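# An overview of the molecular structure
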Amino acid sequence: MTIAPSDLARASAAPVLATGGLRTLDLTTSDATIDLAAGAYEAHNGGSALAVLSLTEVTTALPPATGVAERLGALVVPAGGVGAFAIDAPTTLHAKILTGTGTLYLHRKAAL
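The sections below set out a description of the structure shown in this document. Predicted model, so just to flag it, every value in this text is computed and none were measured. (Residues numbered from 1 in each chain as written. Predicted model: local features only at pLDDT ≥ 70, side-chain atom pairs only at ≥ 80, totals over all residues. Heavy atoms only, no water.)

### Re the overall build of the chain
Defined as follows: Note on conventions: DSSP H or I runs of at least 4 residues are helices, E runs of at least 2 residues are strands, and numbering of each starts at the N terminus. Any residue under 20% of the maximum accessible area for its type is buried, any over 50% is exposed, and the rest in between are partly exposed; the area is computed with a 1.4 Å probe on protein chains only. Between two residues, a contact is recorded if the distance between any of their heavy atoms is within 4.5 Å.
Check the secondary structure of the chain and you find one helix and eight strands. Going from the N terminus to the C terminus, the chain shows its helices and strands as α-β-β-β-β-β-β-β-β. The burial tally for the chain puts 36% of its 112 residues in the buried class. Taking contacts inside the chain between residues at least 6 apart in sequence as the whole, the part at least 24 apart equals 85%.

### Things to note about the sheet that holds strand β1 (residues 21–27)
Defined as follows: Paired strands, in this sense, are two strands between which DSSP finds at least two bridges. Axis definition: a line fitted to C-alpha atoms, over the contacting stretch in the case of helices. Angles run 0 to 180 degrees between N-to-C directions.
A sheet is described by the order of its strands in space; here four strands give the open sequence β1-β8-β3-β6, paired in antiparallel fashion. In this open sheet, the two strands that pair with only one neighbour each are β1 and β6 (82–87). Across this sheet, the average inter-strand angle for adjacent strands is 25°, counted without regard to direction.

### Points about the sheet that holds strand β4 (residues 51–54)
Judged by pairing direction, the sheet is antiparallel, and its four strands sit side by side in the order β2-β7-β4-β5 without closing on themselves. Only two strands of the sheet have a single partner each, and these edge strands are β2 (32–36) and β5 (74–77). For this sheet the average axis-to-axis angle between neighbouring strands, irrespective of direction, equals 25°. Sheet analysis places β4 next to strand β7 (residues 91–97), joined by four bridges and oriented antiparallel. Looking at the pairing, alanine 51 lines up with isoleucine 97 of β7.

### Focus on the side chain of serine 54
Secondary-structure assignment places serine 54 in strand β4. With a relative accessible area of 0%, serine 54 lands in the buried category. Contacts of serine 54, omitting those with residues within four sequence positions, involve Thr59, Leu62, Gly73, Ala74, Thr92, Leu93 and His94.

### Things to note about the packing of aromatic side chains
The test is simple: Stacked, tilted and edge-to-face are the three classes assigned to paired rings of Phe, Tyr and Trp, where Trp is represented by its six-membered ring and a pair needs centres within 6.5 Å; plane angles under 30 degrees give stacked, over 60 edge-to-face, the rest tilted.
The tally for this structure, following the rule as stated, stands at one aromatic pair. Aromatic side chains tyrosine 41 and phenylalanine 85 sit 5.3 Å apart centroid to centroid with 10° between the ring planes, which places their arrangement in the stacked category. Placement of tyrosine 41 in strand β3 (residues 39–45) and of phenylalanine 85 in strand β6 is noted, with a sequence separation of 44 residues between them. Take tyrosine 41 and phenylalanine 85: they sit in the same class, and that class is buried.

### Concerning the nonpolar core
Note the threshold: Think of a nonpolar core as a cluster: buried Ala, Val, Leu, Ile, Met, Phe, Trp, Tyr and Cys residues, connected wherever their side-chain atoms sit within 4.5 Å.
With 19 residues, the main nonpolar core has Leu36, Leu53, Phe85, Leu93, Leu104 and Leu106 as its most contacted residues. Breaking this core down by element, the ones donating at least two residues are β1, β2, β3, β4, β5, β6, β7 and β8 (102–110). When sequence neighbours within four positions are dropped, the list of residues in contact with phenylalanine 85 reads Leu36, Gly39, Ala40, Tyr41, Ala43, Leu53, Leu55, Leu93 and Leu106.

### With respect to unusual backbone geometry
Geometrically, the link from leucine 62 to proline 63 is a cis peptide bond, its omega value of -5° lying close to zero. Relative to the assigned elements, proline 63 resides in the loop between β4 and β5.

And the structure:
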């Protein structure tokens, strides 16, 4: 199932509802995983370094080196920052922090 851009925009702009959820994932410099339900998410990086997230692969080789082909389904979230993503089927999220440790707070704002 493909998410229509208009549906994704509405879900991302929506406030967290009583039917939404909150998960946490402890991060280190090694790949960590968590299984997520379909939905529109905000990922809050509670750590003090850049976090790398991937919906498609382990984060061992992320972020990619300069000039390397793009990596699909990957994003970075700055320390103290927020990244948004949406998944239309249950998915395993992979994540790591570049230095030290931290916590990734995953807010499921809406089911898709």
